[in-house]
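Residues per chain, in single letters:
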Amino acid sequence: MRQLLGAAIVLLAVCPAATAGDDSPVLTVMQKELDRSWTALARVEHAKQIPLYYLDYEVVDNDEAILYSVLGALDTESLSSNRSLDVDVRVGSPGLDNTHEMKGRESWSEHRQYHLVRLPLEKDADALRAALWLETDAAYKTALERYIQVQANRAVTAQEEDPSPDFSKEGSAVHFSKTRRAQGLDRELWRAKLKKYSARFKEHPFIYRSGAFLSAKTENRYFISSEGARIAQGRGYIRLAYQLATRTADGMELSRFVSYDADRMEDLPSDEKVLKDLESSVGELQVLKDAPLVEPFAGPVILKNRAAAVFFHEIFGHRVEGQRQKREREGQTFTKKLNLPVVSDFISVYDDPTMESFRGTFLRGAYAYDDEGIKSRRVALVENGILHNFLLNRVPIRGFPRSNGHGRREPGYATVARMGNTLVEASKTVPYEELRRMLKAEILRQKKPFGLLFDDISGGFTTTGRDGVQAFKVQPLLVYKVYADDRPDEAVRGVDIVGTPIAGFMKILAAADDPAIFNGSCGAESGFVPVSAISPSLLISEMEVEKVAKSQSQPPILPPPYGGKD
Amino acid sequence: MNHRSVVGAIFLLSLFSPCRAQKLPGDDKVFGAMRDELSRTMSRLRMKGMPSPYFASYAVAQGTFATVTGSFGSLVMSRVAPELYAGVQIRVGDSAFDNTHFLAAGSERESFVGNASFEADYDNLRAALWSLSDEAYKDALQDLARKKAYKERRLIKENFGDLSREETIESYGAEELLPFDRALWEGRVREISAVFKEYADIQDSQVTLSFQTGTKRLLTSEGTAVRSGITRISLEMGARAQALNGLRLADSSDLHYVSWKDVPRLEVLKGEARRLAIRVKDAVHGGDLLTYVGPVLFEDEAAAEFFDVQLVDNISNPRGCWSENEENRACDQASFVARLGLRVAVPFLDIADDPLLERFQGVALFGHYRIDSEGVPARRVNLVEKGKLVGLYMSRAPIKERRHSNGHGRAEFGMLPTGRIGNLIVTPQARFTMPKAALKEKLRGMCRELGLDYGIVVRRMQNLSPVSAYKVSVADGREEPLKGLEFTGTGTRPLRDIVAVSAERSAFNFYHYSQGHGLVPASIVAPSILVVEMEIKKTEKKPDLLPYLKHPFFAPRSFGP
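Residues numbered from 1 in each chain as written. Chains lettered and ligands numbered in written order. Predicted model: local features only at pLDDT ≥ 70, side-chain atom pairs only at ≥ 80, totals over all residues.

Colleague: Would you explain the pairing of strand β23 (residues 454–462) of chain B in this entry?
Modeller: For a regular strand, the rule is simple: side chains alternate between the two faces of the sheet. Residues and elements named next belong to chain B. Counted residue by residue, β23 has 8 buried out of 9 residues, so it is predominantly covered. Alignment of strand β12 (residues 291–298) against β23, held across 3 bridges, turns out to be parallel. Looking across to β23, one finds that F298 is bridged to V458. The pairing of β23 with strand β24 (residues 465–473) spans 8 bridges and is classified as antiparallel. Counted as the bridge partner of G455 is V472 from β24. (Buried ≥ 20, exposed ≤ 12 C-beta atoms within 10 Å, placed from the backbone. Helix = DSSP H or I, 4+ residues; strand = E, 2+ residues; numbered from the N terminus. Pairing = 2+ DSSP bridges.)

Colleague: When you look at helix α2 (residues 122–153) of chain B in this model, what are you seeing that I'm missing?
Modeller: Two residues of an α-helix separated by three or four positions point the same way, owing to the 3.6 residues in each turn. For α2 of chain B, built from 32 residues, the straight-helix expectation of 46 Å at 1.5 Å per residue is met to within 8% by its first-to-last C-alpha distance of 46 Å. Of the residues flanking the end of α2 of chain B, it is L155 of chain B, one or two places downstream, whose phi is positive at about 55°. (Expected span 1.5 Å × (residues − 1).)

Colleague: Would you mind going over the domain arrangement of chain B with me for this structure?
Modeller: All names here are of chain B. Examined at the domain level, chain B breaks down into domain 1 (3–282) and domain 2 (286–538). Residue-level contacts link 44 residues of domain 1 with 40 residues of domain 2. Of the residues that constitute the side of domain 1 that touches domain 2, the class distribution is 21 nonpolar, 11 polar and 12 charged. (Domains from an automatic or database assignment. Contact = placed C-beta atoms within 7 Å. Nonpolar A, V, L, I, M, F, W, Y, C, P; charged D, E, K, R; others polar.)

Colleague: For this particular structure, what's the right way to read the packing of helix α1 (residues 29–44) of chain B against α2 of chain B?
Modeller: Residues and elements named next belong to chain B. As a packed pair, α1 and α2 sit with axes 9 Å apart at the nearest point and diverge in direction by 35°. Crossing hand, α1 versus α2: right-handed. For the pair α1 and α2, contact is made by K29, V30, G32, A33, M34, D36, E37 and T41 and by Y122, L125, R126, L129, W130 and S133, respectively. A per-class count over the contact of α1 with α2 returns 7 nonpolar, 3 polar and 4 charged. (Axes fitted to C-alpha atoms, helices over the stretch in contact; angles between N-to-C directions. Left-handed = near helix turned anticlockwise from the far one by under 90°.)

Colleague: Whenever I open this one, helix α3 (residues 187–199) of chain A confuses me. Can you help?
Modeller: All names here are of chain A. Between its first and last C-alpha atoms α3 spans 18 Å; for 13 residues at 1.5 Å apiece the expected length is 18 Å, and the two agree. Residues W190, L194, K195, Y197, S198 and A199 constitute the buried set of α3. Those residues of α3 that are buried lie in contact with β3 (52–70), β4 (73–93), β8 (209–225), β9 (230–247) and α4 (271–289).

Colleague: How should the interface of chain A and chain B be read in this particular structure?
Modeller: One widely used convention gives an interface's size as the accessible area the parts lose upon coming together. Taken together, the contacts link 40 residues of chain A with 40 residues of chain B. Elements with a minimum of two residues in the side of chain A that touches chain B: α1 (25–41), β4 and α2 (125–156) of chain A. Here the side of chain A that touches chain B gets 10 residues from one element, more than from any other, and that element is α2 of chain A. Of the residues assigned to the side of chain A that touches chain B, the class counts are 21 nonpolar, 5 polar and 14 charged.

Colleague: How do you make sense of the environment of P165 of chain A when you look at a structure like this?
Modeller: All names here are of chain A. Inspection of the secondary structure assignment puts P165 in the loop between α2 and β7 (175–180). Considering only alpha carbons, one finds P165 and V395, 230 residues apart in sequence, at a separation of 7.4 Å. Aside from chain neighbours lying at most four places away, what touches P165 is P94, G95 and P396.

Colleague: I'm lost on the domain arrangement of chain A in this one. Help?
Modeller: Residue and element names in this part refer to chain A. Considered domain by domain, chain A is made up of domain 1 (7–289) and domain 2 (297–547). Taking only C-alpha atoms, the centre of domain 1 and the centre of domain 2 are 23 Å apart. Contacts between the two partners involve 46 residues from domain 1, matched on the other side by 35 residues from domain 2. Among the secondary structure elements, those contributing two or more residues to the side of domain 1 that touches domain 2 are β3, β4, β8, β9, β10 (253–262) and α4. Ranked by residue count, the leading element in the side of domain 1 that touches domain 2 is β10, at 5 residues. Classifying every residue of the side of domain 1 that touches domain 2 by side-chain character gives 19 nonpolar, 9 polar and 18 charged.

Colleague: Teacher, can you tell me more about unusual backbone geometry here?
Modeller: Unlike most non-glycine residues, L155 of chain B shows phi in positive territory, near 55°. By the secondary structure assignment, L155 of chain B is in the loop between α2 and β8 (169–172).

This is the structure:
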């Protein structure tokens, strides 16, 4: 199950000012301990039967300021710093190592469980090395133990469909250094701004939950490997956001969430812009609250640009992650579709983590090097409808022996192939108004009473495993009925998009010339990573919707104590 | 609790009167928001066809929370933030039979706690209380219905009520907000954690300072209103190692204070870290023990831990609860309820609990409080007299044997209070005591009579497993450290098997944990004790491989930085 959570996740960034050049003292300490372990572990007794062939350390420094305001008062104000460590150990050989997938009885067992290690924050080399030593020892022992299990598991289970090795051979080792200094935040200013935003919700007692927050985060990642990689890279993530929620008498939870992402404070929108957006969000929530429920429907739809971006990320992007083409328990939707059409022929899909911004707007999904020390690059996944490539980390799959720089993780998890900036491009486009006209024509052609317009989607889930139905479900947040005649659009609520992935992508009829960005955080096996997705609005000839599963809770019995009624 | 917090007078009102209006301090905005929302809850919160609440209580804790963690001379985390928490309890039904003391399967939520603005903003706080009340009320209605069904099906006839009648009080202590010198404590945590650089046997260590200071408020629909200042300072040190055979060892030392002036000098704190390090080092090099049956001496905090496990846990939470999920231990009733009036300890021990006692031999007692979590004034309670059980820890949950609270209804903030420890005071009759040094001699004497070559002294326990223990040679009194021990077949016998105690008593401060009721600060004042016979065996735990490399700090220089 994977989710693209735009909301809820508080990821942010502050501070511009990159400091290029100097190696961090942290890297020096990491290097010393890695060298010592690498040399000494090669000499231990076990190494004769089971050699250690790869070792890396990744240290992530986070500095984050969070301000959160509810109803005009501050709920949270925190400044925090932390430093985490991941140690990756590979024993055996690249052909077969301790990370190999287990099958049958032990197929549940991942080669690495979630394990977050907090490191000392300061430069003190003694404390850092002590922690590195202990974790290396533990990781090495776990690797040895699992390698023995892997060998046994392989001997007693069926032959694998994809005989690719467990670890790729890559080019020469990289040295890169571009860290970023955490910068101060004008807290006085932002307290006042957030209070001003969040106080607006008091005027609307139908809103049961609301808040405005700012998170400014600076992240520096340090990576070092036994292959000689030595990388220090930093990035800032700033997010200003607000949310509002209500509940209908029939128990449906409705919400709006708007976020603004940047890497410099000055790129955040003005009060005027935020307050204007906020008023329209309140209006949308009000309309949604009073909107009728929609009955199950299949017919033509428009996915508005950001909604289409989420849709592609969720339904397509996760299915072209490399590990899903290899793991025996995966559904492998696209594995055998290589060089075949998978999407309408005017659509191309790329993933390009090298893009730091798109038309001047910050992209959260950018990075220079992935979490396996591989340089990021643009990957053409689909060109003119034909599937050409997968998202790859250093786990080779049939026909793709090397990484394309998409190995990513949240600290504490094992790295897998993930998206960065996913781009949906159309070779022919029309103005958005024309796309609407085309929708109306399609409604008439299909003799449907109406079509649907998905204005906003919150992510959802997609099952890619073999044990589940190969389907997806995403949660539209703002949906309108569009009529073929001149009647205005009508908001509806309670719809989930359902369907099977392969069918859906071939039904794209047209695209508009209005690409927009979804900036969010995506959760999967390797935790949450910042991502972006960009797409134009898309007209799809047929999509199915069903009723949403709702909570059985009633709205609050009493009205809120603000708003002047009590 | 700081003294300043308790200067407020306590008005005892003679009669219990529902919804009586308190004379809240007019300038207290937090109380204002609590009062206004509580009044709305009591008068208007009602679902069609369902009962309205008959009791509601709101608690608000507002203050500064800080955590500073260090390891091996360097900071791992440092966080200081203002915070405010709101907790709501709603009861439906009536005091004879309500929604409490019942855990429905699948929805075992007993507390309704949320955070709200640390600025204690009126609208924000009311909104938080409103939302929690709504959830708590709906939950209470469902629990009450299920509890009724449970009672019918299980043919339960006996009922002693769910909420005892107690006098309401109003007590307005001063607000409290002690300063926190962050830079100073970051420096101290670094220095204390650097002590472990002197001990090559220790693989991993951590020192954490936790500090909270602020004001707690409680307001109930019955008319009780309490405001009290509260400060808690804890220095928690932990160390891990492997014995020479690979057995994993862990020990800790936690120090707790209620004001900065009680916190000793840095050198003393470093001394505590050293004591811990030495205990761990001893265990690393400690010998094995196959089986031992004979007298055991529990010294100082090991004796306190002994009383905690042997007595406190057996007289806490006397009511227990009904649970649809019978596996849930949070519903266990105190096992000693049935022993009231019977002998549970040796006749020369008197044991009481006195939360009102602020200090013992100059040491501030962590378990001190004046008013419990339910707004009932704390009282000294005699628990054991001449070895016989005469008292239990009582909250407002009545049982057949005891129908009223004795001011021991306690819980972590926002959780459901139950009968809990405050300051447990063990008082031996003087003629059965001897100097601590003589206890060790007595241990040797008893062992000699039994034909044993050595006796056992325990200096630190965790859940009745010895973490730090030594062999004492009968021949010459020499001590040798041991590792990896477990008691077997202990039961409730040891309290009745104490043969001698020390004249010296020491105070042990700690957090007492209870499932479903959380952590509460507590103290045990006890002498060292000699138990006539305990069975000890080697632990069942399996050792692990030792690290392949030496600790980088202690490694030979050829590898060093």
